Amino acid sequence: MTKVFIIYTGGTIGMVNDAKTGALIPFNFEQIKENVPELARLNYEIAVHSFEPIIDSSNMHPDQWKNVLAEIIEKNYEEFDGFVILHGSDTMSFTASALSFMLKNLAKPVVLTGSQLPIGEIRTDAKENLITALEIAATKQNGKAVVPEVCIYFDNQLFRGNRSIKYNTEKFEAFRSPNYPILAEAGVQLTFFHKEILPVPTKNFYIHTKFDANIGVLKIYPGMTEAVVYAVTRSKVKAIVLETFGSGNTTTAKWFTDALAEAIKNGKHIVDISQCQRGSVQLGMYETSSELQKMGVISGFDMTFETAVTKLMYLLAADLNTEEIKQQMESPIAGELTN
Ligand code: ASP
């Protein structure tokens, strides 16, 4: 019998209204089972591990990616055919990106899902999301998982986790994958787009659990002051995600480029990603980015913010030299960018 392991972390999917304040608060997973009697009818053996305590995903932390998620998956990897992680949507793309770098040679599906409405509400999107996520986690062809990836299932679409962003707080369609096609679509049938899905690896699965969260973020805007820029470039962070205009451009004001060059000279890694959600950074395309390229700014190509942050955390802890970090940041290591 197919075996699926569910990890319940919290989020709206399992929330109820607090009787006193009316605010949404998390509740115990047992109630999810009560609310989805269909789970008992699925022909899978299902095991559940619940976070203790369950959390709103805004409180997710790299320690939990490691201590709870990656290690639980590792512990149960051989025994189960797939994994479903129930997670708040707010930071789901960060967790999915982080896991895509932690779970090496993943040959089984790890499907994150959640919902926009609590599972107890009559119009909830939680049941469909949960049931189809379980189905995706269980799907095999010729004895092999059809989606051997960390992915996000939400509102009838399956996204590569490290390509996804939360883009809508109000619609059921909470996620998008602006720079990569969807991996599957749930209509009357569940259709998988096989050529978009990563191949099943041949090497053995293992987990990488080190993260270094010593990262700064600099989102640029016209009129940005020196004090704001220096607060990041002269801070103690080891790497900076620079969110730039268009295809990777910044002001060419000397004080600004000098601040970046000084940070690089002091050993910081600077990764250029675009404020545009669609398309890629192309360093050197305009004069306003060729200076960045010359001083050694790393191109983030079409990576999402979530992926640039988690990939940097992963690489910073991987004992690599500057050249190796640049080379790995600029190459896909889990299907996260197109260069
Ligand atoms: N604040 C909630 C969370 O991320 C929202 C959700 O679950 O969608 O945990």
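All of the points below concern the structure found in this document. (Residues numbered from 1 in each chain as written. Predicted model: local features only at pLDDT ≥ 70, side-chain atom pairs only at ≥ 80, totals over all residues. Heavy atoms only, no water.)

### Comments concerning the sheet that holds strand β15 (residues 190-192)
With mixed pairing, the eight strands of this open sheet are ordered in space as β4-β1-β5-β7-β10-β11-β14-β15. Pairing within the sheet leaves two strands with one partner each, and these edge strands are β4 (45-55) and β15. This sheet shows a mean twist of 20° between the axes of neighbouring strands, independent of strand direction. Pairing between strand β11 (residues 157-160) and strand β14 (residues 184-186): two bridges, direction antiparallel. Each residue of the ladder has a partner; that of Leu 158, found in β14, is Ala 184. Relative to the sheet, helix α4 (residues 92-102) contacts β5 (82-86), β7 (110-113) and β10 (150-154), its axis offset from that of β10 by approximately 155°. (Pairing = 2+ DSSP bridges. Helix = DSSP H or I, 4+ residues; strand = E, 2+ residues; numbered from the N terminus. Axes fitted to C-alpha atoms, helices over the stretch in contact; angles between N-to-C directions. Contact = heavy atoms within 4.5 Å.)

### Let's talk about the nonpolar core
In this structure, Ile 73, Val 84, Leu 103, Val 111, Val 147 and Leu 158 are the most contacted members of the largest nonpolar core, which totals 83 residues. In this structure, Val 147 is in contact with Lys 108, Pro 109, Ile 136, Leu 158, Leu 183, Phe 192 and Ile 197, ignoring residues within four places of it in sequence. Judged by nonpolar contacts, the second largest core, of 18 residues, contains Val 229, Ile 240, Ala 263 and Ile 270. (Core = buried A, V, L, I, M, F, W, Y, C linked by side-chain atoms within 4.5 Å. Buried < 20%, exposed > 50% of the residue type's maximum accessible area, 1.4 Å probe, protein only.)

### Points about the environment of Ser 57
Within the secondary structure layout, Ser 57 lies in the loop between β4 and α3 (62-76). The exposure class assigned to Ser 57 is buried, which follows from its relative accessible area of 2%. In this structure, the C-alpha to C-alpha distance between Ser 57 and Thr 12, residues 45 residues apart in sequence, is 9.1 Å. In this structure Ser 57 touches His 87, Gly 88, Ser 89, Asp 90 and Thr 91, once residues within four positions along its chain are discounted. There is a polar contact of 3.4 Å between the side chain of Ser 57 and the backbone nitrogen of Asp 90. (Polar contact = N/O pair within 3.5 Å; in protein donor to acceptor, adjacent residues only side chain to side chain.)

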